Amino acid sequence: MKKLREAGRLPWPHLPGQFRLIGLAFLLGWFLILCGAASAKPAAGLAGGGAGTAGSYLEVSGFSSQFRRARFCLSQDQVAVHCLTGSTLWSAARPARAIMTNPEAKAFADIALSEWIPWSRRSLDNLNIVRVERSGEETLAGVRCVHYLGYDTKGSGAVKSRPCAEFWCLPKPACSKESLQYWCKLFALPAGYGLPIKVRQVSDGSFVTVFSPLSVKTRSDQKASFELPGGYRKVKDRAALYFAGVGGDLKASDLNEFFRGDLDRR
C-alpha cells in the first residue's frame, strides 16, 4: 500500500475529502427521494383498493342516461353526483336522506332516499338481478375493472338466458360498505362486486348504456365536492326546488298542472 501511495496510484491524502463529498451527495439523494415519496399522490388510491390519502376521494366523470354529462364523487363515507342542473349529496351519517341542490336559485331540498332513487331512475326499467357471472377483465379510463353479467333468472340450462345488465367494477375501492350500497342503488345493481363505473342494462327490450366513464381520478378537494355551498336556502320539496328561482310556494300538484297546461296549449 505504501508503495502504491508513493507511486501516485492511490491518492490517500485526498480520500477523506472525496468520501465526505460522496457521503453528502448520497444523503442529499435519499432526502430528496423521501420528500418525494411523502408528497406524491398514490397512483391507485381509492381506485385501486389502497387506503388513499387523508381526505382523498374518487372522481368518475362520464356520460349518464340519468344525469347526462355528470361527475360522480365517492369518498370513504360520502357520495355526490354533480351535473348541469345541480348536485345531489349523500352521507353515511344520514343514510336515509339526500340533499338536492338548484345552483341557479341557490336553493336545496332535503328529501328521503326512497323518493330520490326512483326519481333518479325515472327513465330506466327496474332491475331484479338474482344471479351474477364474471365475464372477464378490461381496462376502462386507465383503471383495471372486472366485467360482470347480471341475470334476472336463477336457472342456467343448456341455453343461457340473456343477461338483463352488464357492469364493470373496480374490485376493491377504499370506501365504506354503506357508500358502496348507495352507489349501487343508483344503478339498481347488487352490492358486493366492487364499484361499478360502467353500466349497461336492458330497458324497453334493448340494451342501453346507463353510465360510461371518460375519466377516473383520485382528488383531494373534498370539502368543495361533498358539502352544501354557503348561502343556499332550504325549500320543502322537489317541486319547490325546481321553481325556487320563480318565487312562490309550489306543491307537487302545481308541478303536474304546470306540465299539463303546457301540453294543452300545443
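Right, let's walk through the structure included here. (Residues numbered from 1 in each chain as written. Predicted model: local features only at pLDDT ≥ 70, side-chain atom pairs only at ≥ 80, totals over all residues. Heavy atoms only, no water.)

With that settled, consider the overall build of the protein. The helix and strand inventory of the protein stands at 8 helices and 12 strands. Contacts in the protein between residues far apart in sequence, at least 24 positions, make up 54% of those at least 6 positions apart. With the model as given, the accessible surface of the protein reaches about 15500 Å², and the carbon-plus-sulfur share is 56%. (Helix = DSSP H or I, 4+ residues; strand = E, 2+ residues; numbered from the N terminus. Contact = heavy atoms within 4.5 Å. Areas by Shrake-Rupley, 256 points an atom, 1.4 Å probe, with all protein chains shown as cover.)

This part is about the packing of helix α4 (residues 113–120) against helix α5 (residues 177–186). Contact pair α4 / α5: the axes reach a minimum separation of 9 Å and the direction vectors enclose 40°. Relative to α5, α4 is oriented oblique. In this structure, α4 uses Leu113, Trp116, Ile117 and Ser120 to contact α5, whose residues at the interface are Tyr182, Lys185 and Leu186. Among the residues forming the contact of α4 with α5, the class breakdown is 5 nonpolar, 1 polar and 1 charged. (Axes fitted to C-alpha atoms, helices over the stretch in contact; angles between N-to-C directions. Parallel < 35°, antiparallel > 145°, perpendicular 65-115°, else oblique. Nonpolar A, V, L, I, M, F, W, Y, C, P; charged D, E, K, R; others polar.)

This part takes up the layout of surface pockets. In this structure, the largest pocket encloses a volume near 350 Å³. If you trace the largest pocket, you find 18 residues lining it, with Cys83, Thr85, Gly86, Trp119 and Arg122 closest to the centre. Looking at the lining of the largest pocket, the elements with two or more residues in it are β3 (78–83), β4 (86–91), β5 (97–102), α4 and α7 (238–242). Among the residues forming the lining of the largest pocket, the class breakdown is 9 nonpolar, 7 polar and 2 charged. (1 Å grid on protein atoms, 1.4 Å probe; cavity = no way out; pocket = protein on both sides within 12 Å on 5 of 7 lines; lining within 4 Å. Points joined across faces, edges and corners; volume = space filled by probe spheres on them.)

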